[in-house]
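Residue-level structure breakdown
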Amino acid sequence: MSEAGGGDWEENSPERLYVITGGRSGGSAPAELDLVTLIVARSGAKPGMQPEHAAIVQLCQSPLSVAEISAYLRFPVSVVTVLLGDLLADNRIVARAPIPPARLPDRALIEAVIDGLQKL
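Just so it is clear, the model here is predicted, and its values are computed rather than measured.

The rules behind each value
Residues numbered from 1 in each chain as written. Predicted model: local features only at pLDDT ≥ 70, side-chain atom pairs only at ≥ 80, totals over all residues. Heavy atoms only, no water. Helix = DSSP H or I, 4+ residues; strand = E, 2+ residues; numbered from the N terminus. Buried < 20%, exposed > 50% of the residue type's maximum accessible area, 1.4 Å probe, protein only. Contact = heavy atoms within 4.5 Å. Areas by Shrake-Rupley, 256 points an atom, 1.4 Å probe, with all protein chains shown as cover. Pairing = 2+ DSSP bridges. Axes fitted to C-alpha atoms, helices over the stretch in contact; angles between N-to-C directions. Parallel < 35°, antiparallel > 145°, perpendicular 65-115°, else oblique. Nonpolar A, V, L, I, M, F, W, Y, C, P; charged D, E, K, R; others polar. Core = buried A, V, L, I, M, F, W, Y, C linked by side-chain atoms within 4.5 Å. Polar contact = N/O pair within 3.5 Å; in protein donor to acceptor, adjacent residues only side chain to side chain. Salt bridge = Lys/Arg side-chain N within 4 Å of Asp/Glu carboxyl O.

Right, let's talk about the overall build of the protein chain for a bit. Within the protein chain, the secondary structure is distributed over five helices and three strands. The helix and strand sequence of the protein chain, counted from the amino end, reads α-β-α-β-α-α-β-α. With 120 residues in all, the protein chain has 27% of them scored as buried. In the protein chain, 65% of the contacts between residues at least 6 apart in sequence involve partners at least 24 apart. Surface summary for the protein chain: the accessible area is close to 8300 Å², and the carbon and sulfur share equals 56%.

Next up on the list: the pairing of strand β1 (residues 38-41). Here β1 pairs with strand β2 (residues 64-65) via two bridges, running antiparallel. Directly across from Leu38, in β2, lies its bridge partner Ser65. The pairing of β1 with strand β3 (residues 93-96) spans four bridges and is classified as antiparallel. Looking at β3, one finds that Leu38 is bridged to Arg96.

Bringing the packing of helix α2 (residues 51-59) against helix α4 (residues 77-89) into the picture now. Where α2 meets α4, the closest approach of the two axes is 10 Å, and the angle between their N-to-C directions is 80 degrees. Classified by the interaxial angle, the pair formed by α2 and α4 is roughly perpendicular. Note on element contacts: α4 touches α2 through Leu83, Leu84, Asp86 and Leu87, opposite Glu52, His53, Ile56 and Val57. When the residues that make up the contact of α2 with α4 are grouped by side-chain class, the tally is five nonpolar, one polar and two charged.

Soluble globular proteins tend to bury their nonpolar side chains together. Counting residues in hydrophobic clusters, the biggest one holds 19 residues, and the most contacted among them are Ile39, Ile56, Cys60, Ile69 and Leu84. The element best represented in this core is α4, accounting for five residues. Here Ile69 is in contact with Ile39, Ile56, Cys60, Leu64, Val80 and Leu84, once residues within four sequence places are set aside.

Turning our attention to the environment of Glu52. Of note, Glu52 is situated in helix α2. Considering only alpha carbons, one finds Glu52 and Leu73, 21 residues apart in sequence, at a separation of 8.3 Å. Of the polar contacts made by the side chain of Glu52, one reaches the side chain of Gln50; its length is 3.1 Å.

Once that is clear, we can look at the pattern of salt bridges. Here the structure, examined in full by the defined rule, presents one salt bridge. Close ionic contact of Arg107 with Glu111 constitutes a salt bridge, the shortest N to O distance being 3.2 Å. One end of the pair, Arg107, and the other, Glu111, are both in helix α5 (residues 107-118), four residues apart, so they sit about a helical turn from each other. For Arg107, a relative accessible area of 63% corresponds to the exposed category. According to the relative accessible area criterion, Glu111 is partly exposed, its value standing at 40%.

This is the structure we're talking about:
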């Protein structure tokens with residue numbers, strides 16, 4: 001059991017999360033990150049990186065969403081977005097919008113095709 005003022009923090013205590021983010025609520029780079037933004041690492045982790053940054057880079061060798069990164073690291077999304085902002089500023093990751101769902105063609109076009117097929 002740790003004493004008051006001791007060095008042992010609970011894994012996701014507010015104090016630990018504050019230290020991880022440096023007390024920031026926004027990343028180093030202005031980034032539009034939402035839960036479904038896909039993150040891909042540009043390269044592997046480098047020596048001397050903050051452990052949390054290195055963990056993200058390792059996880060993102062294949063595309064992962066911000067929500068997935070948050071779940072894997074067991075950090076709140078707000079903390080993950082700060083860390084991702086740092087990595088974006090350092091050009092260590094790429095953020096891209098997910099592939100949009102296919103748009104359906106205009107209903108009139110579909111009806112015209114059906115009518116044409118029925119006349120064959």
